[in-house]
Amino acid sequence: MTLVNGAPLVAGAMNFRDTGGLAAGSGFTRRSILFRSGNLARLEPAGTRALGEMGLRRIIDLRSDAEVTHEPSRIEGLSLTTQRVPLFLGSVASMFANDISLDEMYQLLLDDSALGVVAAVRGIISDQPVLVHCTVGKDRTGVVVALALAAAGVDIEAVVSDYARTESLLPSQRNEYVVAQLRQRHPEARYIEDLATRSPAPVMSALLSRLSETHGSAGDYLRAHGIADDELLELRRVLIEP
């Protein structure tokens, strides 16, 4: 399999990466266990084959029904479980229409979609290798992966750095096109660039800090919404290399 910077090359998958190698106390996250990306609607045949060669066992798709219908994943022929966990109680389009900030979006996600977040984390625990994705792999994927990593014991600085990395992986041509389209629909909106293209480290730092203040930790947030202690131990076992 072709590797780029140590991660599999999956042709047609935007923002695809392995979360392995992140600092976790005296250990690191295991490689080739938890992957993250944008949608799989533009996978090239070589990209679909690459997912198969990775031995992927589960895909956790965080998109809405409308998004899946509009851009179905190109994963025909792969023997794996696709777990649908639509996050957000409203549509993605409503986030732009309501012109909310990333901070507000992420807090709404934690407040209104906690059971979905828990279901996604349980999916990570159930099967590996596992891929978590939404449309861009930035916000819904960013929050779910950040919580899973933090709850497993990954250093907060490493969690934030992994989240922030997305911004550098989104093609500039794609960003310009998306922002221009959104500007036509919402000419007065303040947060379009942030919502469509950015993953600022301070936003994730603030989210995890708020979780610490309100719940104690990411793990405690998951516990408050149904995750058991033995599940958190298993999450750490599957993700962390001592």
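Preceding this paragraph is the structure being described.
Residues numbered from 1 in each chain as written. Predicted model: local features only at pLDDT ≥ 70, side-chain atom pairs only at ≥ 80, totals over all residues. Heavy atoms only, no water.

A. Layout of unusual backbone geometry. Here Gln 128 and Pro 129 are connected by a cis peptide whose omega angle stands at -5°. Residue position: Pro 129 is located in the loop between helix H5 (114-126) and strand E9 (130-133). Of note, the phi angle at Asn 15 is positive, near 60°, even though the residue is not glycine. Here Asn 15 shows up in the loop between strand E2 (7-8) and strand E3 (17-18). Given the relative accessible area of 4%, Asn 15 is considered buried. In this structure, Ser 32 is a non-glycine residue whose phi angle is positive, near 60°. You can see Ser 32 is positioned in the loop between strand E5 (27-29) and strand E6 (34-37). (Helix = DSSP H or I, 4+ residues; strand = E, 2+ residues; numbered from the N terminus. Buried < 20%, exposed > 50% of the residue type's maximum accessible area, 1.4 Å probe, protein only.)

B. Structural detail: the layout of surface pockets. Its volume calculated, the largest pocket comes out at about 1,100 Å³. As for the largest pocket, its lining consists of 34 residues, and the residues nearest its centre are Glu 71, Thr 135, Val 136, Arg 174 and Val 178. Mapped onto the lining of the largest pocket, the elements with two or more residues apiece are helix H2 (65-70), helix H3 (92-97), helix H9 (172-185) and helix H10 (192-197). At 6 residues, H9 tops the list of elements feeding residues into the lining of the largest pocket. Within the lining of the largest pocket, the residues separate by chemical class into 16 nonpolar, 10 polar and 8 charged. (1 Å grid on protein atoms, 1.4 Å probe; cavity = no way out; pocket = protein on both sides within 12 Å on 5 of 7 lines; lining within 4 Å. Points joined across faces, edges and corners; volume = space filled by probe spheres on them. Nonpolar A, V, L, I, M, F, W, Y, C, P; charged D, E, K, R; others polar.)

C. View of the side chain of His 133. Its location among the elements puts His 133 in strand E9. Here His 133 is in contact with Ser 37, Gly 38, Asn 39, Leu 40, Ile 59, Ile 60, Asp 61, Leu 62, Arg 63, Ser 73 and Thr 141, once residues within four sequence places are set aside. (Contact = heavy atoms within 4.5 Å.)

D. Spotlight on the sheet that holds strand E10 (residues 240-241). In spatial order, the strands read E4-E5-E10; together these 3 strands make up an open sheet with antiparallel pairing. Looking at the sheet topology across the chains shown, the edges are occupied by strand E4 (23-24) and E10. In this structure, E4 lies alongside E5, joined through 2 bridges in antiparallel fashion. Bridge assignment links Ala 23 to a residue of E5, and that residue is Phe 28. (Pairing = 2+ DSSP bridges.)

E. Seen up close, helix H13 (residues 229-239). Listed as buried for H13 are Glu 231, Leu 232, Leu 235, Val 238 and Leu 239. Along the axis of H13, the buried residues cluster in a sector spanning 130°; they form a single face. Those residues of H13 that are exposed and angled more than 90 degrees off the buried face are Asp 230 and Leu 233. (Arc of directions from axis to C-beta.)

F. Structural detail: the sheet that holds strand E8 (residues 81-84). Judged by pairing direction, the sheet is mixed, and its 5 strands sit side by side in the order E3-E6-E9-E7-E8 without closing on themselves. Single-partner strands in this sheet number two, and they are E3 and E8.

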